[in-house]
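# Fold and geometry: a report
Spelled out, the chains give:
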Amino acid sequence: MRLRTAIAAVLALAVVVPIGVLWQRSLLPDHYDMAKMGYADYGGGTKAHHHSGTPVAELITDPTRTPDVEEILRVRKTGGRITINGTSPGPTLTAHVGDLVQVRLVNENLADGTALHWHGIDVPNAMDGVAGVTQDAVAPGQEFDYRFVANRPGTYWYHSHQVSHEQVREGLLGPIVILPTGAEPSPLDVTAVIHQYDGVNMLNGHEGNQTIAAAPGDTVRVRAINTDNTNTAVWTTGAPYVVAAVDGTDLNGPTPVGEKRVVLPAGGRVDLLVTVPADGARGEFPRAALVLGSDPGSGQQPAETLDLLSYGDSTDPGLDASHPDREFKYSIGRRPGFLDGKPGIWWTINGHQFPNVPMFMVAEGDVVVFDISNHSGELHPMHLHGHHALVLSRNGEPISGSPLWVDSLSVKNGESYQIAFVADNPGIWVDHCHNLPHAQEGLIAHLMYENVTSSYKIGGTAGNQPE
Ligand code: C2O
Ligand code: CU
């Protein structure tokens, strides 16, 4: 009898103790350093022995240069809506390649603090706007100056990276357009910011269709920006479209597309060129349209999706990834466990759960390959900060169309992608899912340059909470 009780007790402990240990290990400290969490993954490269390095806070743009474009963005929360200078989306920031852009963020009343990230622009690390990683959150009544050089033309956007899963949903976002040097702004160059406010799908902050004054023969550039957490789609009615650019990089040899839609991942952008026919055309989104000239009426969403991996003409991408210096796995799974003491079915990266996830260690100049795979049961739009990555293959099949450089990549359950980039922007760069609640649930890791040291902490007195 006693033996039975003892065995039962031992068995109970055998279950309870490991669970307790898992629970205890999952607790996040009050503040922690991104550069000291998880474990270092050298991706087959060598471990350097740096005893010092450049602090993140020093990775800035030339402080003596006079800005070419200056903006002040005042952020305010009223009810469940966050506006920037009174609107959401906030004002479109327009610059030309080579311009030094200086933006002053003023936090009027966001109690959690805030920070601005320049999605798709490869800014110096201390300007990246990730609270707790590249700066402290800006408290109510405080301000912060961002300075960066607009180094490539294209369509980008800015958004909060402090409690981002709430602040972005509530409207803390806006478009950025970088024009080629010397290009004149044109009324035929328009943005289409797709965002759901309080469950209502809006285009540029308005419900329903919008009309662009365009004459037959005009070519309109529609810059579609997906600021939501899930994929959306873009297509046209009345005229074919050409996908001129993806995530701010022009495609090579794109051809007109008829009965297909383009799928736009969370965070992603496409620039469509549409030449307006006599009867007008529409740039269409699932719940609204941009009417270009006369209204041809609405069409059906095409069932077929344009495959960007075989679109346009193949050419030398200017990056040889056949002998990478580092090759990392970013394998996304899911399993039951605890996250900060909370039970749930949480995301895993290479079998590890946040915060025990890999830090991807690189040295400046490395050619880096990532093998991203997803077996988590859900789709994840993956976003690496500070770099543009070249798509090499999907499910083992090499890309056959135009070189495709992305900063936001939709990875479906069961899919795998191989991407490559050059580590040419020192810093600590988060690499996370842009379905922002997923990031908040631990689907976030980071790229760590080995000669860089951190300057900020998650949590702490600034209350830094990047996701
Ligand atoms: Cu657009 Cu880390 O985000
Ligand atoms: Cu996700």
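Here is a short report on the structure shown in this document. Keep in mind the model is a prediction, meaning the values are calculated, not measured.

Here we take up the coordination of the copper ion (ligand 2). In an ideal tetrahedron of four donors about a metal, each angle is 109.5 degrees. In an ideal octahedron of six donors, the angles are 90 or 180 degrees. With distances of 2.0 Å, the protein atoms coordinating the copper ion (ligand 2) are H380 (ND1), C433 (SG) and H438 (ND1). Binding-site remark: the copper ion (ligand 2) is held by donors from one chain whose sequence spacing is H-x52-C-x4-H. C433 gets classed as buried once you look at its relative accessible area, which sits at 0%.

A few words on the sheet that holds strand β19 (residues 262–264). Sheet architecture is open: 5 strands sit in the order β14-β22-β21-β16-β19, paired in mixed fashion. Of all strands in the sheet, those bounded by a partner on one side alone are β14 (210–212) and β19. Each strand axis lies, on average, 20 degrees off the axis of its neighbour in the sheet, ignoring direction. Two elements, strand β21 (residues 281–285) and strand β22 (residues 288–292), share 5 bridges in a ladder whose sense is antiparallel. The residue bridging G283 from the neighbouring strand is L290, located in β22.

A few words now on the packing of aromatic side chains. Within the structure shown, the criterion is met by 11 aromatic pairs. Taken together through their ring pairs, the aromatic side chains of W118, F144, Y146, F148 and Y158 make up a single cluster. In this structure, R334 is placed above the aromatic ring of W347, and the distance from its NZ or CZ to the ring centre is 4.1 Å.

This part is about the pairing of strand β23 (residues 326–339). With 7 bridges joining them, β23 and strand β26 (residues 367–374) adopt parallel strand pairing. Counterpart to R326 in the pairing with β26 is V368. The pairing of β23 with strand β24 (residues 342–349) spans 8 bridges and is classified as antiparallel. When the bridges of β24 are listed, F338 appears paired with P343.

Rules used in this analysis
- Numbering of residues begins from 1 in every chain and follows the order in which that chain's sequence is written.
- To read the labels, note that chains go from A and ligands from 1, taken in the order they are written.
- At least 70 in pLDDT is required for a residue's local features to be given in this predicted model, at least 80 for side-chain atom pairs to be given and counted, and no such filter applies to totals for whole chains, interfaces and linings, which use all residues.
- Side-chain calculation: all heavy atoms of the structure are included, whereas hydrogens and water are not.
- Any N, O or S atom lying within 2.8 Å of the metal counts as a donor, and for Na, K and Ca the limit rises to 3.2 Å; water is left out, so some sites can look incomplete.
- Only protein chains enter the accessibility calculation, which uses a 1.4 Å probe. A residue is then buried if its area is under 20% of the maximum for its type, exposed if over 50%, and partly exposed in between.
- For two strands to be treated as a pair, DSSP must find no fewer than two bridges joining them.
- Counting from the N terminus, the helices are DSSP H or I runs at least four residues long and the strands are E runs at least two residues long.
- Lines fitted to the C-alpha atoms define the axes, with helices restricted to the stretch that makes contact. Angles between their N-to-C directions range from 0 to 180 degrees.
- Pairing of aromatic rings covers Phe, Tyr and Trp, the last counted by its six-membered ring, and requires centre-to-centre distances within 6.5 Å; plane angles under 30 degrees mean stacked, over 60 mean edge-to-face, and any other angle means tilted.
- Sitting over a ring, as applied to charges here, requires NZ of Lys or CZ of Arg to be within 6 Å of the ring centre and within 35 degrees of the ring normal.

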